[in-house]
Structure formats: structure tokens, C-alpha cells
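# Residue-level structure breakdown
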Amino acid sequence: MSLINPADTLERQNEKLLQIAQSLMRRVEQKNEQSGLAYQQFERAALLETQVRERTRDLELTLDLLQDSNARLEVANTETETARANLTEAIETINEGFALFDTNDRLVLSNSRFCRDFLDIEERLVAGLPFHDYVSLISGSRFLALPDGTTAPGWATQRMQRHGDEHVVFNVQLLWDRWLQVSEHRTTRGGTVILQTDVTDIIRMERQERDKMRDQQAKMLQATLDHLKQGVCIFDHNQTLVGWNKKMDGMFAPTRRRAAIGMEFATLLDRLRDDLQFHDGFDAEHLSKWADHSIRRRPMAFEVSRSDGQVFNVFAQEMPDGGFVISFTDVTAEREAARALYEMNEFLERRVKDRTQELGVALAEAERANASKSRFVAAASHDLLQPLSAAKLFMSSLPDTVDNPDALHIIAKTETALQSAEQIIEALLDISKLDAGKAVFKEQTFGLSKIFDPLRDELSPLAAAKGIQLRIVDSNLTVKSDPGYLRRIVQNLVSNAIRYTTHGRVLLGVRRCGTHLKIETWDTGRGIAESQQRTIFEEFQRLDVNTSEAGLGLGLAIVERACKGLGHELSLWSEPDVGSCFSVTVPIDGSTQKTVCAGAIDAPTNPTDLTGLLLMLVENDPQLAKAMSMMIERMGASVIHAYSAEEALSLLHEIELIPDAMLLDYHLGSGQTGTRFYEEVSKIHPHVPTAIVSANRSRELKDTCKRLSLRLIEKPINHEHLRGFLDEIPKARYSQPQR
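In every chain, residue numbers begin from 1 and rise along the written sequence. Reporting of local features is limited, given that this is a predicted model, to residues whose pLDDT is at least 70; pairs of side-chain atoms are given and counted only at 80 or more, and all residues count toward the totals for whole chains, interfaces and linings. As a rule here, side-chain values come from all non-hydrogen atoms in the structure, and water together with hydrogens is ignored.

Our focus in this paragraph is helix α18 (residues 699–707). Those residues of α18 that fall on the buried side of the exposure criterion are Leu701, Thr704 and Cys705. Relative to the axis of α18, the buried residues are bounded by an arc of 95 degrees and lie together on one face. More than 90 degrees from the buried face of α18, the exposed residues found are Lys706 and Arg707. Numbering of helices and strands runs from the N terminus; a helix is a DSSP stretch of H or I covering at least four residues, while a strand is a stretch of E covering at least two. Positive backbone phi, at 60 degrees, marks Ser709, one or two positions downstream of α18. Here the term buried applies to any residue with accessible area under 20% of the maximum for its type, exposed to any over 50%, and partly exposed to those in between, with areas from a 1.4 Å probe on protein chains only. The directions considered for the arc run from the helix axis to the C-beta atoms.

Shown next as C-alpha cells:
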């Protein structure tokens, strides 16, 4: 337990210790000096006296420190007051109004120029004033000139919204056309400094300069308006005429500009009403209502005319300030030209109509002539192919009966001549179809190997006979095209390359180009001059007609027309004495499906013995019928020949036998066809192997034969095609249902 209270001051503690020491001394004197208790109390009193002296010394040191601190504080206060006075004097020297708000948006200090133009609130701008109250005082001051349509609370709200920005600068208008520029900045500690600068002189000078510039611009605008070809009049938002160019002086009254400026739109319209005639249902009332419209006016155009015949195109448009501009363009010459043009168009339309009728008649005649040509070509082809087929069959039968080498040589030459004639007829038919647009392209997916492999077997001997190396690079790509026409295209290109190459080699290959490929035929032949590279695609155009190897001049014509019909790009590069390259671009099919190339022929087999078989031949051409009969009978079969469908039906009824196979001409006369005859016979004798023989290459006939499961042998008849059909008869015979 302590003898003194630590909470007491040092003076109070020293006083208590002295009292305790005196009391102990008295008690010691009163008791026996030999008493031990008295001695102990004496020692304690001595110890307490020592502590009192130490505490007294500490108190004295503390008092010295306190006096020193007070002296320093007095010096600091003096310096602070001096600094504050200096700061006050400093901000007073600033020409602008200055105010400082602390981080709590309370006014710390300001100079005498701050808000001195707001005399009604100047005394209320004291230290500690919140920023919000400061804005409220400004907005409510009678010396603040609020913008039009703005209330004091609205202005205060906008001002407080801008207070949150880092830097704020704006102008404030006061009474008597005075202006303050207010700038607001943030201090590093988050306070706010406001500067108010009197910019009245600057604003007035800018206004004067702007007025001068406006006057200059007005003069320039007036000069510009006076140079316009259109008459222009400008009205302000009160519908008062404020602008009028010289072109208007010559158009309408009043003739003097000064008399016109300041005129109301309604007055001017009344003056012009009697002199103007509106068109297309538009009148002066529509124009007056448009001008009176207080909300956004849409641009408007119309035409008026004067009694002297002048026509004006009028265009009216609203301006941003609510006024509007009306322009008058003299279109008299244009309207007269348009009228003359209309009359000319009417005349030309009548001429075109008459000419069109004439061209229609000529076109009809041309179409009739073209139809007649097509019928002639079809008839001529049929008539030519009939004896040609007979001649080829006769010639194919001769080698088996003739042993004389000279005769065999003549037979071979004759077969070559017949084959050339057949090629000419087929080429003419192809060109006729391609030119007439009647060629039917049946695009399908197939592998290029189906074209390249047969061509290698077919053309390699021809190249070897000339001592030329023919190389056909295999390709496993699948394309989408018409296989028959594409084979004919490639065959013609390679054949031409071999024909016009005397030494070197011919190369057929494929170059892939993205989603397409190019089938390219390269040769080291004589080349083609640039002047001839266009004409070689015309009919009967050959580079060298004096050599025995010259072709018919139809191959490239067929190639170009077929590529155009299939949509395959055909290109040519050639250089004389170097060589040539023909390329055909074909789309690649991404699927794995491959279709067998159309027109692929089964390889010829050994002649089959047809002994004991009965074949019916219906053919109206005696020579062709005789040739086919000879060929069939040489294979051991018997032939029943009829010239018409009626005769054939009569023979079948008469002999009461079912033929093992039938060869039917497509055109049997009297409108009867071989396919119809087959359908009639099938009702009585089904499952008889039958082939249709025809020069008709239409898609319709091919589809009909496919539907009826008939074999189609095209004229002129190829010996191998006919033999291929005959070879299948024994197989079909044993596979037929038992009758």
C-alpha cells in the first residue's frame, strides 16, 4: 500500500511526505531510544526524505521542460500567425477571387475579391461554410443572371454535379452584362481551390469580333447567294424575310431588296399567289400550313409556273434556328427538253415497237429455219448413218472370207475411210446440238482413271506409230462432270497433240488447284502462232491442210463448245517451234463415290457360237438389214427379218416361235418405234433380250432404254458393239425363266 496517491501533483506529494517525516520524528523523540521499532521508523523516515528530494528534483526538471515547451509553443504560434498573415496578404495580392475549401468541403479562407460581385451574400461567406451552402447562396443571388429556362435550384444542381470533376472551368453571367470565369481545382490533400476571374472585357471583345465576323460572313453569304443560279429567300423563326438574293429580284415582285427584307412570309405569299400556278395538286395553302408548322418541318419540293411560261422547281427546308429557306430554280429549259424528249421517246417507242414486230417475224423465220435445219440434220444423219452402218458391217465381214493381202489392204483402207466419214457425221451432230443448246449434260461423280486408262490403250499405238512418246500420268482424283463429254474433250486434245507433233513427246496429266483441277495436255509439236490461237476453235479450221495427218477441223470446235456447256474453263498456251499446252479446269468432288465413266465398252470377247438361236431383226433399210443378217448368220444363228412392226408381229404370229433375241430399229415408220414394239411383244413374250438400233442420240431415248432394260446400239453401228450384244444372248437364254 502506497503512502501517497500517485494521481496527486508533485507539489502535493512533497507536502504529504514532509508531514509524514515530521510526524515520525516526533514519535521517535517521544519513545525510548533503545526501542527497535522506533529505530526502524527512523530509517523509514530517512528513506522517505530521500525519495522526497528525488521527486522534488524531478518536479523541478519537469517544470523546466514545461517552461521550455511553452516558450517554443509561443514561438510557433507567433510563426503561424505570421504565416497566416503572409498567406492572407498573398491571396489578397491575387487579382482573382480566391477561396480554399478543406477535405470536408468547408470554407477555410478566402480573399476580399471572392464573390465581391455578389453583394447580397458577401457577408455570409465565412470560415466553416459548407460548399453546398456556398452554391445555394450563389444560385439564389439576385446578381446572378440565370440562362433562359434555368431555375436557381436547377443551376445549383448542375453546379454540384460539376463539383465532382477533377478540373472545372465555366463562365457565369452577372447583371449588367458582366462575366466571371470560375475554375475549380483539387489540392493534393483533397481540398478544393476556387478562382474567380473577371472576363467581362474578354467576352465583350470576342462578341465584337464575332459581330464583325458575322457582318463579314453576312456579306460573303449575300455575295454567295447573289451568285447562285437559284433564287433564294431566307426566313427567320418569326417567318420574317431576312435574306433575298439578286436572282429573286428578276423573278418576283417586290423588285427592290430593301422593300422585301422584313416582309412577313404570309404577305409575300399573297403577293406571289396571283403570279404563280401550282402543279400536281400542290397549292399555296399547303405551303402556308408547312410554314406555320411549329414542330420539325420536313423538306418539301414542288413546281410552280408563271403566266409567261416560266417553270420553277421550288425547294423548302427548315433551318436549325426554326427559320426556313425557299429556293426557286428555273427549269423551263429542262421541262421543254423533257417534253421534247418525251415526244422523241414516244416516236422512238413506236419505231422500236414496229422494229420489234419486224424482228419478231424475222426471229420466227429464223427459228423455223433453224428447226428445219435441225430436222434436216437429223434426217440427213439418219439417212447417212443407215448406209454407213451397212457398209461398215459388210466390210467387217469381208476379212473372214478374203485371203488376198492386197484385198485385205483395200478393205482396211475402206474401213478407215468409213470411220472418217462416221467421225465427220458424229462431229457435225455434236456441233449442231451444242450450238442449238440442246446438248444434255448429265453431270456425275467419277474417277479420272476411267477416262485415262482407255485413252492410254486407244492412243498409245497411234503415238508409237509416229515414234512419239505418249505419257499419261495416272490420277486417283474424283471429279464432277459429264463423263462422256469430258472423255471426248480429253480424247480430242490428246489426238490433236499427237497429230501435230512430229518428234518428242505428248504428256497428259493433272494439276490440282484448290477445289478444282486442271487436265493439261502438253506437246513438243510445231506450236500455234498467237494470231491463230483464236481461229483454231472455229469449224473446219486446220493448221496444216496439206499433210495427210490433218484432221477434220472439228475437234477443237467441239472441245470449246462442250467446255462452255459444262462450265469448264478452257485455256491455251503455245509458242511456235516449242510446243503447246491445252488445259481444262474441272471441279473436284470431295466424296469418295465414283461412277463408272459413261460410254465405257466391254472388252471384246472371242466370237460366240450362236448355232440354234433365232433372232428377229426389224429394220426398214435393206442394205443395213442385209449386212446385219450376214454378220449374225456367220455366228450360226438364224435371222427373221421384217421391214416394219406390223410385218414383225405377223411373222411372229405365223411361225408361232419365240425369238431368242431381237434387234429393233428405233424408227419403224408410220409413227411406230422400236421401244413401243418391244412393249407390245413383251406382253406376249416377256424376257426376250432386245437391242434398239438408232441414230437418235437424245436423252429421252437413252432414258427409255434404261427404263425398259434395253441395250442401245448407236448408228453407225460399231462391229464390236453389235458383237458384244450377240455375245450376251447365250447367257440371257439360259438365265430366262423356262417357258
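So, on to the packing of aromatic side chains. Think of it this way: a Phe, Tyr or Trp ring, Trp meaning its six-membered ring, pairs with another when their centres are within 6.5 Å, and the plane angle makes it stacked under 30 degrees, edge-to-face over 60, tilted otherwise. If you walk through the whole model with that rule in mind, you get 13 aromatic pairs. Geometrically, the ring pair formed by Phe143 and Trp176 is tilted, given 5.8 Å between the ring centres and 55 degrees between the ring planes. Taken together, the residues Phe143 in the loop between α3 (131–140) and α4 (152–163) and Trp176 in the loop between β3 (167–174) and β4 (178–186) connect sequence positions 33 residues apart. Residue Phe143 is classed as buried on the basis of its relative accessible area, which comes to 4%. Look at Phe235 and Phe324: their rings are 5.1 Å apart centre to centre, the planes differ by 20 degrees, and that puts the pair in the stacked class. With Phe235 in strand β6 (residues 231–235) and Phe324 in strand β11 (residues 324–330), this pair connects stretches of sequence that are 89 residues apart. Each of the two residues, Phe235 as well as Phe324, counts as buried.

At a minimum axis separation of 9 Å, α3 and α4 run at an interaxial angle of 140 degrees. Here α4 runs oblique to α3, going by the angle between their axes. Considering only the axes of α3 and α4, their crossing is right-handed. Taken together, the residues of α4 that come into contact with α3 (itself represented by Phe131, His132, Val135, Ile138 and Ser139) are Ala152, Trp155, Ala156, Arg159, Met160 and His163. When its residues are assigned to classes, the contact of α3 with α4 shows seven nonpolar, three polar and one charged. Between N-to-C directions, angles span 0 to 180 degrees; the directions come from axes that are lines fitted to C-alpha atoms, helices contributing only their stretch in contact. In what follows, roughly perpendicular refers to angles from 65 to 115 degrees, roughly parallel to angles under 35, roughly antiparallel to angles over 145, and oblique to any angle outside these ranges. For any pair of crossing helices, the crossing counts as left-handed if the nearer helix is rotated counterclockwise from the farther one by less than a right angle, and right-handed if it is rotated clockwise. The contact rule is simple, with two residues in contact once any of their heavy atoms fall within 4.5 Å. Under the scheme applied, nonpolar residues are Ala, Val, Leu, Ile, Met, Phe, Trp, Tyr, Cys and Pro; charged residues are Asp, Glu, Lys and Arg; polar residues are all the others, including Gly.

A few words now on the pattern of salt bridges. Salt bridge, as applied in this entry: a Lys or Arg side-chain nitrogen positioned within 4 Å of an Asp or Glu carboxyl oxygen. Considering all chains together, one arrives at eleven salt bridges under this definition. A salt bridge links Asp198 to Arg178, with the shortest nitrogen-to-oxygen separation between them at 2.2 Å. Pair noted here: Asp198 is in strand β5 (residues 192–198) and Arg178 is in strand β4, with a separation of 20 residues, a long-range link. A salt bridge links Glu679 to Arg707; the shortest N-O distance between them is 3.7 Å. Of this pair, Glu679 sits in helix α17 (residues 674–684) while Arg707 sits in helix α18; the two residues are 28 residues apart in sequence, bridging distant segments of the chain. Judged by its relative accessible area of 56%, Arg707 falls in the exposed class. Through salt bridges with shared partners, a single network forms among Arg159, Glu184 and Arg186.

Further remarks concern the confidence of the model for the protein chain. Per-chain confidence: the protein chain averages 77 in pLDDT, with 77% of residues scoring 70 or above. The low-confidence segment residues 254–259, where pLDDT is below 50, has twelve contacts with residues more than four positions distant or belonging to other chains. On a scale of 0 to 100, pLDDT captures the predictor's confidence in every residue.

The subject of this paragraph is the sheet that holds strand β21 (residues 661–665). Pairing between strands is defined by DSSP: at least two bridges between the two strands are required. Here five strands make up an open sheet; going across it, the order is β20-β19-β21-β22-β23 and the pairing parallel. The open sheet is flanked by β20 (638–642) and β23 (711–714), the only strands paired with a single partner. Within this sheet the neighbouring strands show an average axis-to-axis angle of 20 degrees, counted without direction. Across four bridges, β21 lies against strand β22 (residues 690–694) in parallel orientation. Across the sheet, Met662 pairs through a bridge with Thr690, a residue of β22. Those strands touched by α17 are β19 (614–618), β21 and β22, and its axis lies near 145 degrees from that of β21.

Right, let's talk about the packing of helix α16 (residues 645–655) against α17 for a bit. At a minimum axis distance of 11 Å, the contact between α16 and α17 shows a crossing angle of 20 degrees. Comparing the axis directions of α16 and α17 gives the class roughly parallel. α17 is crossed by α16, and the crossing has right-handed handedness. In this structure, α16 uses Ala645, Ala648, Leu649 and Leu652 to contact α17, whose residues at the interface are Phe677, Glu680 and Val681.

This part covers helix α12 (residues 449–465). Because each turn of an α-helix spans 3.6 residues, side chains separated by three or four positions in sequence point in the same direction. In this model α12 runs 24 Å from its N-terminal to its C-terminal C-alpha over 17 residues, within 8% of the 24 Å that 1.5 Å per residue would give. Where α12 bends most, at Leu459, the angle is about 35 degrees, and the proline Pro461 comes one to four residues later. Inspection of α12 places Ile451, Phe452, Leu455, Leu459 and Ala463 among the buried residues, and these make up the whole buried set. Where α12 is buried, its residues touch β12 (444–447), β13 (469–472), α13 (483–499), β15 (505–513) and β16 (516–523). Just downstream of α12 lies Gly467, where phi reads positive at about 75 degrees. In a helix, the anticipated span is given by 1.5 Å times the number of residues less one. Two axes enter the bend calculation: one fitted to the seven residues ending at the residue in question, the other to the seven starting there, and the bend is the angle between them.

Next up on the list: the pairing of β16. Relative to β16, β15 runs antiparallel, the two being bridged by eight bridges. Residue pairing across strands places Leu507 opposite Trp522, the latter belonging to β16. Remark: two residues form the turn of the hairpin made by β15 and β16, two consecutive strands paired antiparallel; Gly514 in that turn has positive phi of roughly 70 degrees. Two strands pair when backbone bridges link them, and β16 and strand β18 (residues 579–587) are joined in this way by eight bridges, in the antiparallel orientation. Note that in β18 the partner of Lys518 across the bridge is Thr585.

Right, let's get into the pairing of β12. The two faces of β12 match: Gln444 and Phe446 on one face and Thr445 and Gly447 on the other face are all buried. Sheet topology note: the β12/strand β14 (residues 478–481) ladder contains four bridges and is antiparallel. Along β14, the bridge assignment pairs Gln444 with Ser481.

What follows is about a nonpolar patch on the surface. Where nonpolar side chains cluster on the molecular surface, the patch consists of Leu341, Met344, Phe347, Leu348 and Val352 and spans about 450 Å² of accessible area. Looking at where Leu348 falls in the secondary structure, it is placed in helix α10 (residues 332–397). What makes a patch is a set of residues exposed beyond 30% relative accessible area and free of salt bridges, joined within 9 Å when like-charged and within 5 Å when nonpolar (Val, Leu, Ile, Met, Phe, Trp, Tyr). Here the Shrake-Rupley method, with its probe set to 1.4 Å, supplies the accessible areas, and only the displayed protein chains count as covering residues.

What follows covers the nonpolar core. Residues Leu470, Leu486, Ile489, Val490, Leu517 and Ile519 are the most contacted members of the largest nonpolar core, which totals 36 residues. Secondary structure elements with two or more residues in this core: α12, β13, α13, β15, β16, α14 (555–566) and β18. At eight residues, the largest contribution of residues to this core is made by α13. Not counting residues up to four positions away in its chain, the partners in contact with Leu486 are Phe446, Leu448, Ile451, Val479, Ser481, Ile519 and Val586. Definition of nonpolar core: a set of buried residues of the types Ala, Val, Leu, Ile, Met, Phe, Trp, Tyr and Cys, connected through side-chain atoms within 4.5 Å. Membership of the second largest hydrophobic core comes to 26 residues, among which are Met248, Phe282, Trp290 and Val304.

What follows deals with the sheet that holds β15. Reading across from one edge, β13-β15-β16-β18-β17 is the order of the five strands in this open sheet, with mixed pairing throughout. Only two strands of the sheet have a single partner each, and these edge strands are β13 and β17 (569–575). The average undirected angle you get between the axes of adjacent strands in this sheet is 15 degrees. For β13 and β15, the ladder comprises four bridges, and the chain directions are parallel. Within β15, the position partnered with Gln469 by the bridge is Arg505.

Another point: the side chain of Gln491. Within the fold, Gln491 resides in helix α13. Setting aside chain neighbours within four positions, we find Gln491 in contact with Leu455 and Glu458.

Quick look at the side chain of Thr690 now. Of note, Thr690 is situated in strand β22. Residue classification places Thr690 among the buried residues on the basis of a relative accessible area of 5%. Excluding its chain neighbours within four sequence positions, the residues that come into contact with Thr690 are Met662, Leu664, Tyr678, Leu710, Arg711 and Phe725.

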